[in-house]
Amino acid sequence: MDRIRIRGGRPLNGRIAIGGAKNAALPLMAAGLLTDETLCLRNLPDLADIHTMLQLLSQHGVAVELNGGDPAGGATGRVVRLRADDIHNLTAPYDIVRKMRASVLVLGPLLARFGQATVSLPGGCAIGTRPVDLHIKGLARLGAEIDLDDGYIRARAPKGLTGAVIRFPLVSVGATENLLMAATLARGETVLENAAREPEIGDLAACLNAMGARITGIGTDMLRVTGVDRLHGADHGVLPDRIETATYAMAAAMTGGSVELTGADMGLMEAAVGVLSEAGVSLAASEHGLTVTRNGAGLSGVDVTTQPYPGFPTDLQAQVMTLMTVADGAAMITETIFENRFMHVPELARMGADIQVKGPVAMVRGVAGLSGAPVMATDLRASVSLILAGLAAEGETTVNRVYHLDRGYADLVSKLAGCGAEIERIGD
Ligand code: UD1
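Conventions used here
- All residue numbers refer to position in the chain's written sequence, counted from 1.
- For a predicted model such as this one, the threshold for reporting local features is a pLDDT of at least 70, and the threshold for listing and counting side-chain atom pairs is 80 or more; totals across whole chains, interfaces and linings nevertheless cover every residue.
- Remark: hydrogens and water are excluded; side-chain values derive from all non-hydrogen atoms of the structure.
- Helix numbering and strand numbering both begin at the N terminus, where a helix is a DSSP run of H or I of at least 4 residues and a strand a DSSP run of E of at least 2.
- Note on method: radius of gyration uses C-alpha positions; expected globular size equals 2.2 Å times residues raised to 0.38.
- Relative accessibility under 20% of the residue-type maximum defines a buried residue, over 50% an exposed one, and the middle range a partly exposed one, all with a 1.4 Å probe and only protein chains included.
- We count Lys and Arg on the positive side and Asp and Glu on the negative side, and we leave His and both chain ends out.
- One atom stands in for each charge, and that atom is NZ of Lys, CZ of Arg, CG of Asp or CD of Glu.
- Fitting a line to C-alpha atoms yields each axis, with helices limited to the stretch in contact; the angle taken between N-to-C directions then spans 0 to 180 degrees.
- Each angle receives one of four descriptions, namely roughly parallel if under 35 degrees, roughly antiparallel if over 145, roughly perpendicular if within 65 to 115, and oblique otherwise.
- By convention, the crossing between two helices is left-handed when the near helix turns anticlockwise from the far helix through less than a right angle, and right-handed when the turn is clockwise.
- Only heavy atoms matter for contacts: two residues are in contact if any of them lie within 4.5 Å across the pair.
- Each residue is assigned to one class: nonpolar for Ala, Val, Leu, Ile, Met, Phe, Trp, Tyr, Cys and Pro, charged for Asp, Glu, Lys and Arg, and polar for all the others, Gly among them.
- In these notes, residues near a molecule or strand are those with any non-hydrogen atom within 4 Å of it.
- What qualifies as a polar contact is a pair of N or O atoms within 3.5 Å, subject to a donor-acceptor requirement within protein and to the restriction that residues adjacent in sequence count only when both atoms come from side chains.
- The Shrake-Rupley method, run with a 1.4 Å probe, gives the accessible areas here. Residue values count only the displayed protein chains as cover.
- Confidence scores per residue from the predictor, reported as pLDDT, run from 0 to 100.
- At least two DSSP bridges between two strands are required for those strands to pair.

Chemist: What am I meant to see in the overall build of the chain here?
Modeler: Secondary structure assignment for the chain yields 14 helices and 24 strands. The C-alpha atoms of the chain give a radius of gyration of 21 Å, which matches the 22 Å a tight globule of 428 residues would have. Expressed along its principal axes, the backbone C-alpha trace of the chain runs to roughly 65 × 50 × 40 Å. Burial analysis of the chain (428 residues in total) assigns 56% to the buried set. Side-chain charges of the chain comprise 37 positive and 46 negative groups, with the mean position of each set lying 3 Å from the other.

Chemist: How should the packing of helix α8 (residues 242-255) against helix α12 (residues 380-392) be read in this particular structure?
Modeler: For any two helices packed against each other, the geometry is given by the interaxial angle and the distance between the axes. Contact geometry of α8 with α12 gives a least axis separation of 8 Å together with a crossing angle of 20°. Regarding the angle of α8 to α12, the classification is roughly parallel. Between α8 and α12 lies a crossing whose hand is right-handed. Between α8 and α12, the contacting residues are Ile243, Thr247, Met250, Ala251, Met254 and Thr255 on the first element and Arg381, Val384, Leu388, Leu391 and Ala392 on the second. The class makeup of the residues in the contact of α8 with α12 is eight nonpolar, two polar and one charged.

Chemist: What is the right way to look at the site of the ligand in this model?
Modeler: For the ligand, the set of nearby residues contains 19 residues, the closest of which are Asp133, Leu134, Ser172, Asp315 and Ile337. The backbone of Leu134 places a nitrogen or oxygen atom 2.7 Å from an oxygen atom of the ligand. Here an oxygen atom of the ligand and a backbone polar atom of Ile337 are 2.6 Å apart. Burial of the ligand by the protein chains amounts to 86% of its free accessible area of 740 Å².

Chemist: So what exactly am I meant to see when it comes to the confidence of the model for the chain here?
Modeler: Detailed reading of the predicted model is not advised wherever pLDDT is low. When pLDDT is averaged along the chain, the result is 93; 95% of the residues meet or exceed 70. pLDDT under 50 marks residues 70-75. Its contacts with residues more than four places away, or in other chains, come to five contacts. Long-range and interchain partners of residues 124-128, a stretch whose pLDDT sits below 50, account for 16 contacts in this model, where long-range means more than four residues apart.

Chemist: How should the pairing of strand β5 (residues 78-83) be read in this particular structure?
Modeler: Two faces make up the sheet, and in a regular strand the side chains alternate between them. Bridge analysis of strand β3 (residues 38-44) against β5 gives five bridges, and the strand direction is antiparallel. Within β5, the residue paired with Leu39 across the bridge is Leu82. Sheet topology places strand β4 (residues 63-67) next to β5; five bridges connect them, and they run antiparallel. Bridge assignment links Leu66 to a residue of β5, and that residue is Val80.

Chemist: Even after reading the chapter, I still don't get the sheet that holds strand β12 (residues 214-216), so can you show me in this structure?
Modeler: Note: strands within a sheet are paired through backbone hydrogen bonds, in either parallel or antiparallel orientation. The strand order across the open sheet built from four strands is β10-β11-β13-β12, with neighbouring strands paired in mixed fashion. Both edges of this open sheet fall to β10 (165-167) and β12, since each of them pairs with a single strand only. Between one strand and the next, the sheet's axes are offset by a mean angle of 15°, whatever the strand orientation. Two strands pair when backbone bridges link them, and β10 and strand β11 (residues 189-193) are joined in this way by three bridges, in the parallel orientation. Across the sheet, the residue bridging to Arg167 is Glu193, located in β11.

Chemist: Explain helix α5 (residues 133-141) here, please?
Modeler: Since the α-helix packs 3.6 residues into each turn, any two residues three or four apart lie on the same face. Listed as buried for α5 are Leu134, His135, Ile136, Gly138 and Leu139. Contact partners of the buried residues in α5: α4 (107-114), β8 (145-149), β9 (152-156), β10 and α6 (173-184). Just past α5, the residue Gly143 takes up positive phi, approximately 100°.

Chemist: Looking at this structure, I do not really get unusual backbone geometry. What am I missing?
Modeler: Glycine aside, residues mostly have negative phi, and peptide bonds are mostly found in the trans state. The step from Tyr309 to Pro310 runs through a cis peptide bond, and the omega angle for that step is 15°. As for its position among the elements, Pro310 is in the loop between β18 (304-305) and α10 (317-325). Not every positive phi belongs to a glycine, and Asn43 is a case in point at roughly 60°. Looking at the element boundaries, Asn43 is found in strand β3. Overall, Asn43 belongs to the buried group, its relative accessible area being 14%. Although it is not a glycine, Asn194 sits at a positive phi angle of roughly 60°.

Okay, structure coming up:
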């Protein structure tokens, strides 16, 4: 299993290209199932999760054409053309779904278009129980008959889905996306109340509208969808990855130096920008994205609570905690989205961090410096937090089990090395 070795303490200086957002690309790809025409997606990041989704779509019968970069469009990512005009299998098998929880996003589109779908219950990151009850209850509200057996969700709607008012009891990104896609082809109007407002949902809704869907309320917590008989093809660019952006911003902040994050959009990450600014990091929009510089002084501790968008994202909790380990003073980090998302804490402690966890709250007391150590990656965002720690630590850090990183960070090693980090990937 590959490892990443880092010699810490070198400031980052240079440019890093930010890719398309994984969490936007995955639902957008699932949306390709809603039409028999070609959906072309640009600025697709080159990540393991994207390949898993391509594998899933292919086994349903989607024709996939994947090209290299798209210099003409100015995008750094890839271009994929998906054509779902010969769907011959309506089952998403355990073997693929267990690798990536977002596979459950094929449920809504398959059911809405073909009146039937069978999807394995997902596995995914080990960051809590992560049920899919809201997806299932929402689809049942649209008239689907759903059974759970042998670890599979079996959904049927032989006469098609019918619009309804669905009020989510808690904010769920995935359930909002699944229901939004399903509702585009349902009869009549669907209203999604207490919908998630993440920018990736806005991106999905914009693409669905370009495919002929009728969605209003984009960017708010109430989405209204008027169903149509069929959707057509479209050409859509995936929005930049705000999590990747903020992660590299924190890497620059921890090590000092100045990094330009090209292709990034600061407008998508106001909560993170607020926390970083308060901590003493300066971020400014630049011609090609944004520039991050650590202010002359050190970092200072800031309290952070994760919330659904526009709050501070749970996908940045591990990284911001790492930043706070070397800040002046204390920082209280509260995780409200997932119940088991502090697995990076014992690893950070091995590097000299001072963190006390009590339930959903971690109290971080800043230390003068971290020291390199062998550490173990446990999930996607926890893994990258250990990379940040390694970049700032004195001495050598080896991060094991880096396959988690490949799910969400394209070319991480070369992007950091290009800015002066001493970092390498080592195979077995
Ligand atoms: C998405 C993101 C993930 C991010 C998360 C929260 C993708 C591919 N993944 O995951 O990176 O960390 O949003 O911002 O976009 N819940 C239920 N029942 C459900 C669904 C969710 O109880 O049916 C709970 C979850 O356990 C969790 C909370 O709702 O506590 C939020 O989860 P959700 O927003 O659904 O996360 P995902 O869509 O899985």
